[in-house]
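A look at the structure
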Amino acid sequence: AQSVSQHNHHVILSEAASLELGCNYSYGGTVNLFWYVQYPGQHLQLLLKYFSGDPLVKGIKGFEAEFIKSKFSFNLRKPSVQWSDTAEYFCAVRGGYGNNRLAFGKGNQVVVIP
Amino acid sequence: EPEVTQTPSHQVTQMGQEVILRCVPISNHLYFYWYRQILGQKVEFLVSFYNNEISEKSEIFDDQFSVERPDGSNFTLKIRSTKLEDSAMYFCASTEGDLYNEQFFGPGTRLTVL
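**Concerning the overall build of chain A**
In terms of regular secondary structure, chain A is built from zero helices and 12 strands. Across chain A, helices and strands are ordered from the amino to the carboxyl terminus as β-β-β-β-β-β-β-β-β-β-β-β. For a compact globule of 114 residues, the expected C-alpha radius of gyration is about 13 Å, and chain A comes in at 14 Å, within 12% of that figure. Expressed as lengths along the three principal axes of its C-alpha atoms, the size of chain A is roughly 45 × 25 × 20 Å. Out of the 114 residues in chain A, the part that is buried amounts to 47%. Sequence separation of at least 24 residues holds for 55% of the intrachain contacts in chain A that already meet a minimum separation of 6. Entry remark: accessible area of chain A is about 5,500 Å², with carbon and sulfur atoms responsible for 53%. Averaged over its 10 positive side-chain charges, chain A has a centre that lies 9 Å from the centre of its 7 negative ones.

Below you can see the structure in the form of structure tokens.
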């Protein structure tokens, strides 16, 4: 079974600072990788996803993530955060043909101070 | 934009009671899921459902749990005899297809077992 690790569960930073959230997963063959965001009081929403091709993927709201296969990592980045990026961020992995379940990391609670 | 909806938003029940959590997936979606998140822990997969049957379930999804699509729109999770440790946020999700589509999540139902 997949396991997903996210570190630095609580991140506090100022507006315009850069953000990087780490995500590591256990090896299990071909994987699909996702970052979801949950704004206060809202649904989990997809930020971006990686299935194949260019390992640098761009998502909504200026976020991007890089898949590094050799490191089993899929780190999320944003060069300059805004107050509205305050949210919880979840990395998720889906592995194997016909396997639809998502394995989630524990999440990063990000607070952006104006 | 179509959304997954869930009712109720909060359910309080006594230990040993049966609860039914309801979800209305996005109308043209074919795959349905339940996940849960115990406070302070990861979002965990419970079950996936396709073509009126369970396609995959986790070790958490024991005989106390069941799912049903009683009509063309609702997707329910029943817990037959709730335990204290069933207290969690329960998320429903749906996806249009299989491997290459994102899962759209509902807002969740917070279940509190007393």
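This is not the end of the story, as more comes after the structure.
**A closer look at the packing of aromatic side chains**
Applying the stated criterion across every chain, the model contains 18 aromatic pairs over all chains. With 6.3 Å between their ring centres and 85° between their planes, A:Phe90 and A:Phe104 make a pair best called edge-to-face. Taken together, the residues A:Phe90 in strand β10 (residues 87-95) and A:Phe104 in strand β11 (residues 103-104) connect sequence positions 14 residues apart. Side by side, A:Phe90 and A:Phe104 carry an identical accessibility label, which is buried. Each ring, one from B:Tyr31 and one from B:Tyr50, has its centre 4.3 Å from the other, and the planes form 10°; the classification is stacked. Placement of the pair is B:Tyr31 in strand β4 (residues 31-37) and B:Tyr50 in strand β5 (residues 43-50), with a sequence separation of 19 residues. With relative accessibility at 11%, the residue B:Tyr31 sits in the buried group.

**Examining the environment of B:Ile79**
All names here are of chain B. Mapped onto the elements, isoleucine 79 comes out in strand β8 (residues 75-79). The exposure class of isoleucine 79 is buried, given its relative accessible area of 0%. Along the backbone, isoleucine 79 and serine 66 are 13 residues apart, and their C-alpha atoms lie at a distance of 6.7 Å. When near neighbours in sequence (up to four residues on either side) are disregarded, isoleucine 79 contacts Gln17, Glu18, Val19, Gln64, Phe65, Asp86, Tyr90 and Leu111.

**Some details on the pairing of strand β7 (residues 65-68) of chain B**
In the sheet, β7(B) pairs with β8(B) via four bridges, with the strands oriented antiparallel. Within β8(B), the position partnered with B:Phe65 by the bridge is B:Ile79.

**Looking at the nonpolar core**
Within the largest apolar cluster, 29 residues are counted, with the highest numbers of intra-cluster contacts made by A:Trp35, A:Leu48, A:Phe74, A:Leu76 and A:Tyr89. Going through the elements one at a time, β2 (10-14), β3 (19-21), β5 (31-38), β6 (44-50), β8 (64-68), β9 (73-78), β10 and β12 (108-113) of chain A are the ones with two or more residues in this core. Once residues within four sequence positions are removed from consideration, A:Tyr89 is found in contact with A:Gln6, A:Leu21, A:Trp35, A:Tyr36, A:Val37, A:Leu47, A:Phe63, A:Leu76, A:Gly107, A:Asn108 and A:Val110. Grouped together as the second largest cluster of nonpolar side chains are 23 residues, B:Val4, B:Cys23, B:Phe32 and B:Phe65 included.

**A few points about the interface of chain B and chain A**
Contact with chain B, which involves 24 residues of that partner, is made by 20 residues of chain A. Between chain B and chain A the total buried area reaches about 2,000 Å² when both faces are included, carbon and sulfur atoms providing 51% of it. Taken together, the connections running from chain B to chain A amount to one salt bridge. The residue A:Arg101 makes a salt bridge to B:Glu56 at a minimum N-O spacing of 2.7 Å. Inspection of the region where chain B meets chain A yields seven residue pairs in polar contact (both at pLDDT 80 or more). Residues of the side of chain B that touches chain A, tallied by class, amount to 11 nonpolar, seven polar and six charged.

**Digging into the state of the cysteines**
Taken as a whole and assessed by the stated rule, the structure comprises two disulfides over all chains. The partner cysteine of A:Cys23 in its disulfide is A:Cys91, sulfur to sulfur 1.9 Å. Measuring the twist about the S-S bond at about -65°, one finds the A:Cys23-A:Cys91 disulfide to be left-handed. Of this pair, A:Cys23 sits in the loop between β3 and β4 (24-25) while A:Cys91 is found in strand β10, placing the two residues 68 residues apart along the sequence. A sulfur-sulfur distance of 1.9 Å marks the disulfide that ties B:Cys23 to B:Cys92. In this structure, the disulfide formed by B:Cys23 and B:Cys92 twists by about -65° around the S-S bond and is classed as left-handed. On the criterion of sequence distance, the pair formed by B:Cys23 in strand β3 (residues 19-24) and B:Cys92 in strand β9 (residues 88-95) is long-range, its members being 69 residues apart. For the pair B:Cys23 and B:Cys92, one class covers both residues: buried.

Quick notes on the rules
- Residues numbered from 1 in each chain as written.
- Chains lettered and ligands numbered in written order.
- Predicted model: local features only at pLDDT ≥ 70, side-chain atom pairs only at ≥ 80, totals over all residues.
- Heavy atoms only, no water.
- Helix = DSSP H or I, 4+ residues; strand = E, 2+ residues; numbered from the N terminus.
- Rg over C-alpha atoms; globule rule 2.2 N^0.38 Å.
- Buried < 20%, exposed > 50% of the residue type's maximum accessible area, 1.4 Å probe, protein only.
- Contact = heavy atoms within 4.5 Å.
- Areas by Shrake-Rupley, 256 points an atom, 1.4 Å probe, with all protein chains shown as cover.
- Lys, Arg positive; Asp, Glu negative; His and termini not counted.
- Charge placed at Lys NZ, Arg CZ, Asp CG, Glu CD.
- Phe/Tyr/Trp six-rings, centres within 6.5 Å; stacked < 30°, edge-to-face > 60°.
- Pairing = 2+ DSSP bridges.
- Core = buried A, V, L, I, M, F, W, Y, C linked by side-chain atoms within 4.5 Å.
- Buried area = accessible area lost by both parts, 1.4 Å probe.
- Salt bridge = Lys/Arg side-chain N within 4 Å of Asp/Glu carboxyl O.
- Polar contact = N/O pair within 3.5 Å; in protein donor to acceptor, adjacent residues only side chain to side chain.
- Nonpolar A, V, L, I, M, F, W, Y, C, P; charged D, E, K, R; others polar.
- Disulfide = S-S within 2.5 Å.

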